[in-house]
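Chain residues, written in single-letter form:
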Amino acid sequence: MSFELWIAFVAASAVLVAIPGPTILLVVSYALGHGRRTAAATVTGVVLGDFVAMTASMLGVGALLMASADAYAILRIIGGAYLVYLGIRLWRAPVGDGPLADNDNLPEEKPLRILGHAFVVTALNPKSLIFFVAFLPQFIDPARPFPLQMAILEVTFLTIAAANALAYALIAEKARAYIRRKAVRKAINRTGGTLLIAAGAVTAGYRRIAA
C-alpha cells in the first residue's frame with residue numbers, strides 16, 4: 001500500500017480508537033480499582049481481542065454477520081450479557097475499609113482473569129466485526145498483494161489500539177491517586193458498573209440497520 005494511504009489509515013484509526021467504548025470503559029475501571037499493575041493485562045487483552053475481531057472480519061466473519069441476522073443477534077446477546085455480568089461484578093466489588101494508603105492494598109485480581117475479561121469484551125463486540133468489514137476495504141489497494149496489506153493494517157491498528165488503551169489506563173491511574181476515600185471509591189465502582197451494564201444492554205438491544 002502507498003505511504004499516503006497508510007497515513008490516512010493511521011489518522012482515521014487514531015480518531016476512532018480514541019472514542020471511549022465498552023473496552024476503554026473496562027480498562028479505566030480496572031485502572032481506577034487496582035492501579036497501573038492491571039495495565040499490562042488489560043492492554044494485552046484489548047490487543048488480542050482486536051486482533052481476533054480484525055482478522056475474523058478480514059477473513060469474512062464480519063460479512064457473514066452482516067448477511068445473517070441470527071448470527072449477529074446471537075453474538076450481540078452474548079457480548080451484551082458479558083458486559084452486564086462485568087458491570088454487576090464491578091458494582092459489588094469490595095473497596096476495603098478506611099482510606100487507601102500510598103501503597104494501595106485492594107483485593108488482588110488475577111492478571112489472566114483481567115486479560116480474559118478485556119479480550120472477551122473486545123472480541124465479542126459484533127459492531128467491531130462489522131465496523132472492520134466496512135472500514136478496512138477503504139484502505140486496501142486491489143492492485144497490491146492482499147496478505148501483505150492485511151498484515152500492515154493489523155500491525156498498525158493494533159499498535160494504535162494498544163497505545164490508546166495504555167494511555168487511558170495511565171491517565172485513570174493518575175486520577176486514582178486523588179481518590180482515597182472509601183465512599184468515593186464505592187461511587188466510582190458503582191458508576192463504572194452502571195455504565196458497563198448500560199453498555200451491555202445497548203449492545204444486546206442494538207438493532208442492525210437494514211440496507
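For the structure, check the block above.
Worth saying up front: this structure is predicted, and the values here are computed from it rather than measured.

Colleague: So, the nonpolar core: which residues are in play, and what are the values?
Modeller: With 19 residues, the main nonpolar core has L26, V27, V46, L86, V121, A165 and A169 as its most contacted residues. If you list the elements that add at least two residues to this core, you get α2 (22–34), α3 (39–58), α5 (69–92), α6 (111–123) and α8 (146–176). Aside from chain neighbours lying at most four places away, what touches A165 is I24, V27, V43 and V46. F9, V17, M54 and A161 belong to the second-largest nonpolar core, a separate cluster that totals 17 residues.

Colleague: Tell me about α6, and please be specific about residues and values.
Modeller: Between its first and last C-alpha atoms α6 spans 18 Å; for 13 residues at 1.5 Å apiece the expected length is 18 Å, and the two agree. Every buried residue of α6 is accounted for by I114, H117, A118, V121, T122 and A123.

Colleague: An account of the environment of L195 is requested, with residue identities and associated values reported.
Modeller: Residue placement: L195 occurs in helix α9 (residues 182–205). Here L195 falls in the partly exposed class, since its relative accessible area comes to 44%. In this structure the C-alpha to C-alpha distance between L195 and L26, which are 169 residues apart in sequence, comes to 9.7 Å.

Colleague: Can you tell me about the environment of R89, naming the residues and giving the values?
Modeller: Topologically, R89 is positioned in helix α5. Among the residues examined, R89 registers a relative accessible area of 28% and is labelled partly exposed. Along the chain, R89 and G193 lie 104 residues apart, while their C-alpha atoms are 7.4 Å from each other.

Colleague: Which residues make up the side chain of T38, and what values go with them?
Modeller: With respect to the helices and strands, the residue T38 is situated in the loop between α2 and α3. When near neighbours in sequence (up to four residues on either side) are disregarded, T38 contacts Y30, A31 and I114.

Colleague: Just give me the short version of the packing of α2 against α6, but keep the residues and values in it.
Modeller: Between two packed helices, what matters for the description is the angle formed by their axes and the separation of those axes. As a packed pair, α2 and α6 sit with axes 9 Å apart at the nearest point and diverge in direction by 160°. Relative to α6, the element α2 is oriented roughly antiparallel. Between α2 and α6 lies a crossing whose hand is right-handed. Along the contact surface, α2 presents P22, T23, L26 and Y30, while α6 presents I114, H117, A118, V121 and T122. Tallied by class, residues from the contact of α2 with α6 come to six nonpolar, three polar and no charged.

Procedures and definitions
Residues numbered from 1 in each chain as written. Predicted model: local features only at pLDDT ≥ 70, side-chain atom pairs only at ≥ 80, totals over all residues. Heavy atoms only, no water. Core = buried A, V, L, I, M, F, W, Y, C linked by side-chain atoms within 4.5 Å. Buried < 20%, exposed > 50% of the residue type's maximum accessible area, 1.4 Å probe, protein only. Helix = DSSP H or I, 4+ residues; strand = E, 2+ residues; numbered from the N terminus. Contact = heavy atoms within 4.5 Å. Expected span 1.5 Å × (residues − 1). Axes fitted to C-alpha atoms, helices over the stretch in contact; angles between N-to-C directions. Parallel < 35°, antiparallel > 145°, perpendicular 65-115°, else oblique. Left-handed = near helix turned anticlockwise from the far one by under 90°. Nonpolar A, V, L, I, M, F, W, Y, C, P; charged D, E, K, R; others polar.

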